[in-house]
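# Structural features, examined
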Amino acid sequence: MQDTKLRNVAIIAHVDHGKTTLVDEMLKQGGIYRENQATVERVMDSNDLERERGITILAKNTAVHYKDVKINIVDTPGHADFGGEVERILKMVNGVILLVDAAEGPMPQTRFVLSKALELGHKVIVVVNKVDRPDQRIHEVMDEVLELLLDLNATDEQFESPTLFCSGRQGTASYSPDVPGTDLVPLFETILNYIPAPEADTEAPFQMLVSSIDYNEFVGRIAIGRIERGTVKQNQEIAVCNFHQPDAAPQKAKATALYQFDGLGRVPVTEATAGNIIAMSGIGEITIGDTICAPDAVEPIEFVKISAPTIEMTFSVNDSPFAGKEGKFVTSRQIRERLFRETMKDVSLRVTETDSTDAFNVAGRGEMSLSILIETMRREGYEFQVLPPPRALPGD
C-alpha cells in the first residue's frame, strides 16, 4: 500500500548550484511563511559558517504542502567532505531532484551523488537551475546531463527523466527552456506525478533505519529516519539492533518523543506511520546505521558502513606564550568534552586519546570538515593549537 498523501525527495547538486535558494522558494510558495513574515535568504543554512561560506554543511529536513500532499524535502551537502551525509540521506527518499547550474553543468561531486541515487533505483527529476544567468548554455548542459546518465548506466526510465528549467532566485520553473516560468507549480506537479509515494505497510511490526543523527543538549541524540513499516507511538517500547553486529543483544529503549518535519520546524506527534520521515529522542547511544524496531520483531536493515576518515590532525592545549589571551575554554578537559560531544552528531568524526593528556587525535572526512570544526570551536570560545598527527592514517 502506498501513502499517496506523502512524497520523500532529496535535492542533490554540486556546491553553489543553488540547492538551498531553491528550497527557500519552495518553502515560500508552499505556504510555510505567514503573510508579511520577515524572511532571510538561504534560510536552510542556519549555521553562521554556512551563511558566510555559501555552502551547506549539514543535511537538513523540511516539508512543504502542495494540493494536500506533504512533500518531505532533504537539502543535502554538495561538498565532497560531507559526502557521507549524502549517502545516508538517499536511504530515506524515493526520488531525487538533480540540480545543475545552467552555466557550469554537471560537476564531479554531482557525478558521485547521482551514481549513488541511480544505484538505489531512485527516479530522477533534472532541474537546470539559474537559467537567468547571462552566461547560461542550457542546451549544452542538457546534453552533458544525458551523457552523465549514460556513463552511470542509468536505466531507460532514469535516462528519460523529466527536465525542468528553473531560476531559484526568482522562484520560477518551466517545462521548456524557451518559455519563462512564473512560479514553481511545474516543479511541484512533477514531484507529485513522477516521484512515487512511499510504500506504507502500517500493519507490519515497526521498523526504521536511522539515516541521520541530530544532537540536543537537553535530550541527547535524536535519531532521524524513514519508517520502513508499521506504526510507532510515543512512549512505545522499542529495540535497537545493527546489521553489522549480528551477535550483539538488542538494546531495549523507549520512544520518549516523536517529531515530524513541517516547514522549518519539528512538530511533536503522538504516533507516526510507515513512509514518514521522523525524528525520535530517548535512545542514548543510537547511531547512524542502527535499526529501531518492535521488540517482538527484531530484524536489522542492511546498511552500508560509514566511510573511514581520510585526514587526521592533533588538537592540543595552547602552550604558547600567548595562551589564554583569546579563549575562555582552555583546559584539556574542556577541549576533550567538546571534541567528544561533536562525535555525538558527526559519526564520520573520530577522536582518540594520545599518550599526552593535553592532546587528542581528530580524524575526519576531509580538510573542509575539519576546518569547519576548528572555526566553530574557535567561535564558541575554545582556545587550542592544531598540529600534524604523529602518524599517518592507514592507506595514506
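- With an unreviewed UniProt entry as reference, the protein chain is termed Tr-type G domain-containing protein, source organism Flavonifractor plautii 1_3_50AFAA.

### Let's talk about the overall build of the protein chain
- On a plain count of helices and strands, the protein chain comes out with 9 helices and 21 strands.
- Evaluated residue by residue, the protein chain yields a buried proportion of 52% over its 396 residues.
- In the protein chain, 70% of the contacts between residues at least 6 apart in sequence involve partners at least 24 apart.
- For the protein chain, the accessible area works out to roughly 18300 Å², and carbon and sulfur atoms hold 49% of it.

### Quick look at the packing of helix H1 (residues 19-29) against helix H7 (residues 185-194)
- Where H1 contacts H7, the two axes come as close as 11 Å, and the packing angle between them is 90°. In terms of axis orientation, H1 runs roughly perpendicular to H7. Note on element contacts: H7 touches H1 through Leu187, Phe188 and Ile191, opposite Leu22, Met26 and Gln29.
- Among the residues forming the contact of H1 with H7, the class breakdown is 5 nonpolar, 1 polar and no charged.

### Thoughts on H7
- Taking burial as the measure, the 10 residues of H7 include 8 buried ones, the bulk of the element.
- Considered for burial, the residues of H7 that qualify are Pro186, Leu187, Phe188, Glu189, Thr190, Ile191, Leu192 and Tyr194.

### Overview of the sheet that holds strand S17 (residues 290-293)
- Strand order in this open sheet of 8 strands is S12-S11-S17-S8-S9-S16-S13-S14, and the pairing throughout is antiparallel. For this open sheet the edge positions go to strand S12 (251-254) and strand S14 (265-269), each flanked by a neighbour on one side alone. Adjacent strand axes in the sheet meet at a mean angle of 40° when their direction is disregarded.
- One ladder, built from 9 bridges, connects strand S8 (residues 207-216) with strand S9 (residues 220-229); its direction is antiparallel. Bridge pairing in S9 links Asp214 to Ile222.
- Against the sheet, helix H8 (residues 332-345) contacts S8 and S9, and its axis sits at roughly 150° relative to S8.

### Examining the environment of Leu98
- The residue Leu98 is located in strand S4 (residues 95-101) in this model.
- Separated by 15 residues in the primary sequence, Leu98 and Val113 have C-alpha atoms spaced 9.3 Å apart.

### Let's talk about the sheet that holds strand S20 (residues 359-364)
- Here we have 4 strands laid out as an open sheet, ordered S19-S20-S18-S21, and antiparallel in their pairing. Of all the strands in the sheet, the pair left with one neighbour each is strand S19 (350-353) and strand S21 (385-387). Geometrically, the sheet is characterised by an average inter-axis angle of 30° between neighbouring strands, direction not taken into account.
- Inspection of the sheet shows strand S18 (residues 311-316) paired to S21 by 3 bridges, in the antiparallel sense. Its bridge partner being in S21, Phe315 is matched across the sheet by Val386.
- Packing against the sheet, helix H9 (residues 367-379) makes contact with S18, S20 and S21, and its axis sits at approximately 20° to S18.

### What about the packing of aromatic side chains?
- This structure, assessed with the given rule, holds 3 aromatic pairs.
- Between Phe329 and Tyr382, the aromatic rings sit 4.7 Å apart at their centres with planes inclined by 35°, giving tilted as the arrangement. Residue Phe329 is found in the loop between S18 and H8, and its partner Tyr382 is found in the loop between H9 and S21; the two are separated by 53 residues along the sequence.
- Note on Tyr382: relative accessible area 11%, which makes it buried.

### Some points on unusual backbone geometry
- The phi torsion at Lys130 lies on the positive side, around 60°, for a residue other than glycine.
- Secondary-structure assignment places Lys130 in the loop between strand S5 (123-129) and helix H5 (138-151).
- Owing to a relative accessible area of 21%, Lys130 belongs among the partly exposed residues under this scheme.
- Even without a glycine there, the phi angle at Asn235 is positive, about 70°.
- Note on placement: Asn235 falls in the loop between strand S10 (231-233) and strand S11 (237-242).

### Points about the packing of H8 against H9
- Interhelical geometry of H8 versus H9 gives an angle of 130° and a closest axis separation of 12 Å. As summarised for this structure, H8 and H9 are arranged oblique, according to the angle between their axes. Handedness of the H8/H9 crossing: right-handed. On H9, the residues that touch Arg338, Leu339 and Glu342 of H8 are Leu373, Thr376 and Met377.
- Taken together, the residues of the contact of H8 with H9 sort by class into 3 nonpolar, 1 polar and 2 charged.

### Thoughts on the side chain of Thr343
- When you line up the elements, Thr343 lands in helix H8.
- A distance of 2.5 Å separates a polar atom in the side chain of Thr343 from the backbone oxygen of Phe340.
- Setting aside residues up to four positions removed in sequence, Thr343 forms contacts with Arg221, Leu349 and Val351.

### Structural notes on the side chain of Asn276
- The residue Asn276 is located in the loop between strand S15 (271-273) and strand S16 (277-281) in this model.
- One polar contact links the side chain of Asn276 to the main-chain carbonyl oxygen of Thr273, over a distance of 3.2 Å.
- For Asn276, the residues in contact, after removing those within four places along its chain, are Asp3, Leu6, Gly225, Arg226, Ile227 and Gln260.

### Some remarks on the pairing of S4
- Burial analysis of S4 places 7 of its 7 residues in the buried class, the great majority of the element.
- Taking every second residue as pointing to the same face, both faces of S4 are buried, with Gly95, Ile97, Leu99 and Asp101 on one and Val96, Leu98 and Val100 on the other.
- The pairing of strand S1 (residues 6-12) with S4 spans 4 bridges and is parallel. Bridge assignment links Val9 to a residue of S4, and that residue is Gly95.
- Bridging between S4 and S5 involves 7 bridges; their strand directions are parallel. Along S5, the bridge assignment pairs Leu99 with Val127.

Thresholds, definitions, all that
- Residues numbered from 1 in each chain as written.
- Predicted model: local features only at pLDDT ≥ 70, side-chain atom pairs only at ≥ 80, totals over all residues.
- Heavy atoms only, no water.
- Helix = DSSP H or I, 4+ residues; strand = E, 2+ residues; numbered from the N terminus.
- Buried < 20%, exposed > 50% of the residue type's maximum accessible area, 1.4 Å probe, protein only.
- Contact = heavy atoms within 4.5 Å.
- Areas by Shrake-Rupley, 256 points an atom, 1.4 Å probe, with all protein chains shown as cover.
- Axes fitted to C-alpha atoms, helices over the stretch in contact; angles between N-to-C directions.
- Parallel < 35°, antiparallel > 145°, perpendicular 65-115°, else oblique.
- Nonpolar A, V, L, I, M, F, W, Y, C, P; charged D, E, K, R; others polar.
- Pairing = 2+ DSSP bridges.
- Phe/Tyr/Trp six-rings, centres within 6.5 Å; stacked < 30°, edge-to-face > 60°.
- Left-handed = near helix turned anticlockwise from the far one by under 90°.
- Polar contact = N/O pair within 3.5 Å; in protein donor to acceptor, adjacent residues only side chain to side chain.

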